[in-house]
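# Structural characterization, general
Each chain is listed here by its residues.
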Amino acid sequence: MKHFSLFQSLPDFFQNKRLTLLAIWVTVMAVIGTVLAFKANMVVGIVWVIIILCALVFVFNTLKIIGSDTQKYIAGLSYRVNRGEQEAIIQMPLGVILYNEEFEIDWVNPFIQRISEQANLMDQKLNKVSSVLDRVVKSASSKDQDTWRTIDWLGRTFEVQVQVDLRAIYLRDITDIAQVQRKYENSRLFMGIVSLDNFDEISERLNDAESSTLRSHVTTMLTDWMDQHEIYVRRLSPDKYMLIGYYQGLRLAEKDKFNILKSVREDTSSQNMPITLSIGISYHDGDVMSMAKAAQTQLDLALGRGGDQVVVKSPQQDARFYGGTTNPMAKRTRVRARVISQALSELINASDQVFVMGHARGDRDSMGAALGVRRIAKMVDKPAWIVSDPDEKRHTDMQMLYNAIHEDEQTKDALMSPADVIARATGHSLLIMVDHSKRSITESKEVYDALKERLVIVDHHRRGEEFPEKSLLVYIESYASSTSELVTELFEYQSKNRRGLSRIEATTLLAGIQLDTKSFTIRSGTRTFDAASYLRSVGADGKLIQNFMKDSMEDYRQRADLISRAQFLDSDAIVVADDKKSYDSVSVAQAADSLLQIVGIERSFVVARRDEKTIGISARSNGEKNVQTIMEKLGGGGHLSFAATQINGVTVDEAGQQLYAVLKDETPPDEEE
């Protein structure tokens, strides 16, 4: 303590290391000089001592003055800096809000107080002042406190940064910048292509005058609607139109959900000439040529999903879908089936071997289509196998079907494991995907990756955004009841000199059609019955199909358990199963089907755990409402009347909450700024 008091009593400059070293050096040199002077002469020594004492007094005094001046300068500078910081916080155009642990506002700087309509923000809860600001603050963490987020508040646009440790909010007013950016975005161009889906089919039964009148009527309706939304439209051909306009007009069109689709459909239907529109729109692309190509791509996607809908997409965002709320009209022709059959035969002929792959957790439609395509390959003398994981756990009906396949002489060697396929495949092998077109749900992603350069797709589901970039042949008909129906039609154009379908193959194809049409009660057209008639004529066994449709007692109990958990939201039936129990995917789908039998229920959703990591949702509709768009928002897909999705990394309850959130807000949101 004594040493500390002594240190404190020393001159201030001794607290500066450099000045202290300088003083010590001068002192040492003075002492050395004094010793040398006294050795030389006593008088010289005395004179030298006097000079040194005067010099030391001058040096130490000078150092003291320098130290004092430095301290005064630093103190003055510190005061100015602190005063500047305080004045900046108070005066500069940057909002500052301090809040406490209860998320109550303790202090705001005058900038926020001036622009606030409230007389006093002090002691107000953040959620009462601004729900948006409250969400930003409560979601912030110390890891992202350097991140600026954009919000709208008090009629202005702010960039917000939250310092969690200090419980401070900084708001930077960027209203002028945001307005300029919005003006720029609204003035950017978009391009679109409109197609009259079934104009050729309708005009075939009309004379020239009636066809011209119909075309003019639709053109007038389209032009009037586009004018209201500041969009320029130009006819390219009798059934094609080009759209061009500013993004602001596109926002207006999206705001009313492109109701031109409904207007044209209902107006022409009332005249017994039902015309539907499909529109593909691209915006924010690099150049006009890229935008035009992208617009055609979006139109192809709309048509692949069944038509009567709009697909809007930019390169930076996912596609947005409007319409598609009605069952598609069957418009595929037998000419197309013949062309596809011949093209498929040629591709098989050009390959050394063929592998057919359905979707994961295959059903009777998937297996029936796979057996049918394998038989087509056999008819042109090419070795062919169906990709099937032998370790997959199967539902009772599929296990019975697999047992029948193994017991039949014609199909006992039809299945091959993914590992064996990869080992056997070559650069000339052909992969045919049936009843699906998504890598994410295929039987084996490894097989897909190995053979994706030589790929054929045969499917009846609506095409989604996830689609193979390269395909040698694509046969997607969303108007068909099932993929088994499409494959059955291909046999009509195969050589009659080759051995055709075996009993088990024909039976499985018919079982697939029966499954997807709910025993021919939904989505069944004349061609569905033609295909079923053909299959019966070549040996399809109805009794065997009935055996395939039987359930085990455990499956029956699972379905009953799911149905007993049903909750109702308007005309929707929703089941959220027990998170601790895994349910078979078929039992989940059957439960969703059964719920549609309840009076007043138009849609059903069953949320259940498939395995330790995966939650599955099966959705069904009576055709009045669309469940495909609901499932697409949750990462899945399907048809208007039946769809599904899988969600990983969540509990059953969390997946159910996501479903409820989508159901409460089924309207596609406007694009974010």
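Refer to the structure printed above.
Here goes a summary of the coordinates provided. Residue numbering note: each chain is counted from 1, following its sequence as written. Under the rules for a predicted model, residues below a pLDDT of 70 receive no local features and side-chain atom pairs below 80 are neither given nor counted, while totals for whole chains, interfaces and linings still include all residues. Each side-chain value is derived from all of the structure's non-hydrogen atoms; neither hydrogens nor water enter the calculation.

### Let's talk about the sheet that holds strand 13 (residues 384–387)
In a beta sheet, neighbouring strands are held together by backbone hydrogen bonds and run either parallel or antiparallel to one another. Pairing is parallel in the open sheet, where 6 strands are placed in the order 14-13-12-15-16-17. Every other strand in the sheet has two partners, leaving strand 14 (415–416) and strand 17 (473–476) as the edge strands with one partner each. By definition, two strands form a pair when at least two bridges between them are found by DSSP. Secondary structure elements follow DSSP: runs of H or I of four or more residues count as helices, runs of E of two or more count as strands, with numbering from the N terminus. Sheet topology places strand 12 (residues 354–357) next to strand 13; 4 bridges connect them, and they run parallel. If you follow Val 356 over to strand 13, its bridge partner there is Ile 386. For this analysis, residues touch if any pair of their heavy atoms sits within 4.5 Å. As a rule, the C-alpha atoms of each element are fitted with a line to give its axis, helices using only the stretch in contact, and angles between N-to-C directions run from 0 to 180 degrees. Helix-sheet contacts for helix 18 (residues 483–490) involve strand 15 (430–434), strand 16 (455–459) and strand 17, and the interaxial angle to strand 16 is about 115 degrees.

### Describing the sheet that holds strand 6 (residues 189–196)
Strand order in the open sheet made by the 6 strands is 7-8-6-9-10-11, with mixed pairing throughout. Of all strands in the sheet, those with a lone pairing partner are strand 7 (231–237) and strand 11 (320–323), marking the two edges. Direction aside, neighbouring strands of the sheet carry axes that sit 15 degrees apart on average. With 7 bridges joining them, strand 6 and strand 8 (residues 240–246) adopt antiparallel strand pairing. Looking across to strand 8, one finds that Leu 189 is bridged to Tyr 246. In the packing of helix 11 (residues 260–270) onto the sheet, the strands contacted are strand 9 (277–283), strand 10 (309–313) and strand 11, and the crossing angle to strand 9 comes to about 165 degrees.

### Re the packing of aromatic side chains
Pairing of aromatic side chains here covers Phe, Tyr and the six-membered ring of Trp, requires ring centres within 6.5 Å, and sorts the geometry by plane angle: under 30 degrees stacked, over 60 edge-to-face, intermediate tilted. Following the criterion strictly, the structure yields 7 aromatic pairs and no others. Each ring, one from Tyr 99 and one from Phe 103, has its centre 5.8 Å from the other, and the planes form 10 degrees; the classification is stacked. Relative to Tyr 283, the ring of Tyr 247 lies with its centre 5.1 Å away and its plane at 25 degrees, an arrangement referred to as stacked. With Tyr 247 in helix 10 (residues 247–255) and Tyr 283 in strand 9, this pair connects stretches of sequence that are 36 residues apart. Residues Tyr 247 and Tyr 283 agree in their burial class; the two are buried. Placement of a charge over a ring requires the Lys NZ or Arg CZ to be within 6 Å of the ring centre, with the centre-to-atom vector within 35 degrees of the ring normal. Lying across the ring of Phe 103, Lys 138 places its NZ or CZ 5.2 Å from the centre. Each residue gets one of three labels from its accessible area relative to the maximum for its type: buried under 20%, exposed over 50%, partly exposed in between, using a 1.4 Å probe on protein chains only.

### Re helix 19 (residues 503–516)
Along an α-helix, a turn takes 3.6 residues, which lines up residues three or four apart on a common side. Multiplying one less than the number of residues by 1.5 Å gives the expected span of a helix. If you check helix 19, its first and last C-alpha atoms are 20 Å apart, about what 14 residues at 1.5 Å a residue would give, namely 20 Å. Along helix 19, the residues classified as buried are Ile 504, Glu 505, Ala 506, Thr 507, Thr 508, Leu 509, Leu 510, Ala 511, Gly 512, Ile 513, Gln 514 and Asp 516. Taken together, the buried residues of helix 19 touch helix 14 (364–379), helix 15 (396–407), helix 18, helix 20 (526–537), helix 21 (542–548) and strand 23 (642–648). Phi for Lys 518, located one or two positions after helix 19, is positive at around 50 degrees.

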